[in-house]
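# Commentary on secondary and tertiary structure
Residue-level listing of the chains:
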Amino acid sequence: MHIVIGLLVLAAGAYWWLQRGRNAAEAANEIVDMGRDAIGAARQWNFKRRTNVHPVDGIDDPRLAAGALAAALVELGGLPTQERRSALLVALQSRLDMGVEDAKELLVLSNWFITSCDGADGAVSRLSRRLKKLDGVDLLDPALETLRAAVAVDGELTPKQRDALTNVARTFGRT
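Reference entry: report on the structure contained in this document. Please read these numbers as outputs of a predicted model, since none were measured by experiment. (Residues numbered from 1 in each chain as written. Predicted model: local features only at pLDDT ≥ 70, side-chain atom pairs only at ≥ 80, totals over all residues. Heavy atoms only, no water.)

So, on to the overall build of the chain. Helices and strands together make up the secondary structure of the chain, namely seven helices and zero strands. Counting across all 175 residues of the chain, residues that qualify as buried make up 35%. A total of about 10,400 Å² of accessible surface is found on the chain, and carbon and sulfur atoms cover 56% of it. (Helix = DSSP H or I, 4+ residues; strand = E, 2+ residues; numbered from the N terminus. Buried < 20%, exposed > 50% of the residue type's maximum accessible area, 1.4 Å probe, protein only. Areas by Shrake-Rupley, 256 points an atom, 1.4 Å probe, with all protein chains shown as cover.)

Following this line, the structure appears as structure tokens:
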């Protein structure tokens, strides 16, 4: 009898370790998929990483800079809710004239830009300067309308967002 119990314990232990290995493999696959999403979004927007250049300074498309600026401004209000994310996605499509997939990929790149700037505060400053350098003045209003549409879902602008908007206006000479 003790041999049968020993075999059952051995089988249960082997099953437990097998399940643990499968879970680790699934987690690794998810991480690889996230990397593929970011790389696919970068390729779609023709974003090329340059050596010794900050990722935001590598943006060549003013729509990408305007969309990322809007996403950073929304993130200044705290972690965006699902409703805000959906509203931001719809607003990006309508205000910046792009499809659903383009808007989703823009948000993936925006999150990377925000992370590479050590948060939304630094991203707003850098992205607004980059947008101005790309002569994207005509895209500033659509970016700000995108922010307002995303925020209108569940509240008003936070003090941090108002301060950031003041700094953006100052960058573009709209004091």
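Because each turn of an α-helix spans 3.6 residues, side chains separated by three or four positions in sequence point in the same direction. Taking 1.5 Å of rise per residue, the 14 residues of helix α2 (residues 62-75) would be expected to cover 20 Å, and the 20 Å separating its terminal C-alpha atoms lies within 8% of that figure. Along α2, the residues classified as buried are L64, A65, A66, G67, A68, L69, A70, A71, A72, L73 and V74. Of the surrounding elements, those touching the buried residues of α2 are α3 (82-95), α4 (100-116), α5 (120-133), α6 (137-151) and α7 (159-171). N-capping of α2 is provided by D61, with a side-chain oxygen placed 3.0 Å from the backbone N of R63. (Expected span 1.5 Å × (residues − 1). Contact = heavy atoms within 4.5 Å. Polar contact = N/O pair within 3.5 Å; in protein donor to acceptor, adjacent residues only side chain to side chain.)

It is worth spelling out unusual backbone geometry at this point. Phi at D97 takes a positive value of approximately 55°, unusual for a residue other than glycine. With respect to the secondary-structure elements, D97 resides in the loop between α3 and α4. For D97, a relative accessible area of 65% translates into the label exposed. We note that D118 has phi near 60°; this positive angle belongs to a residue other than glycine. With respect to the secondary-structure elements, D118 resides in the loop between α4 and α5.

Before going further, it helps to examine the layout of surface pockets. Taken as a whole, the largest pocket encloses approximately 240 Å³ of empty space. In terms of lining residues, the largest pocket is bounded by 13 residues, among which R85, L88, L107, V108 and N111 are the most central. Those elements that place two or more of their residues in the lining of the largest pocket are α2, α3 and α4. A breakdown of the residues in the lining of the largest pocket according to their chemical character gives seven nonpolar, three polar and three charged. (1 Å grid on protein atoms, 1.4 Å probe; cavity = no way out; pocket = protein on both sides within 12 Å on 5 of 7 lines; lining within 4 Å. Points joined across faces, edges and corners; volume = space filled by probe spheres on them. Nonpolar A, V, L, I, M, F, W, Y, C, P; charged D, E, K, R; others polar.)

This part takes up the packing of α2 against α4. Close contact between α2 and α4 brings their axes to 9 Å; oriented N to C, the two are set at 65°. One element, α2, and the other, α4, form an angle in the roughly perpendicular class. When the axes of α2 and α4 are compared, the crossing they make is right-handed. Residues R63, L64, G67, A68, A71, A72 and E75 of α2 touch α4, and the partners they reach there are L106, L107, L109, S110, N111, F113 and I114. When the residues that make up the contact of α2 with α4 are grouped by side-chain class, the tally is nine nonpolar, three polar and two charged. (Axes fitted to C-alpha atoms, helices over the stretch in contact; angles between N-to-C directions. Parallel < 35°, antiparallel > 145°, perpendicular 65-115°, else oblique. Left-handed = near helix turned anticlockwise from the far one by under 90°.)

Attention now moves to the packing of aromatic side chains. Two aromatic rings, taken as a pair, are described by how far apart their centres are and by the angle between their planes. Going through the model one piece at a time under the given rule, you end up with two aromatic pairs. Between W16 and W17, the aromatic rings sit 4.9 Å apart at their centres with planes inclined by 80°, giving edge-to-face as the arrangement. Look at W16 and you get partly exposed, because its relative accessible area is 47%. A ring pair is formed by W112 and F113, whose centres lie 5.5 Å apart and whose planes are at 35°; its orientation type is tilted. A relative accessible area of 31% means that W112 is categorised as partly exposed. (Phe/Tyr/Trp six-rings, centres within 6.5 Å; stacked < 30°, edge-to-face > 60°.)

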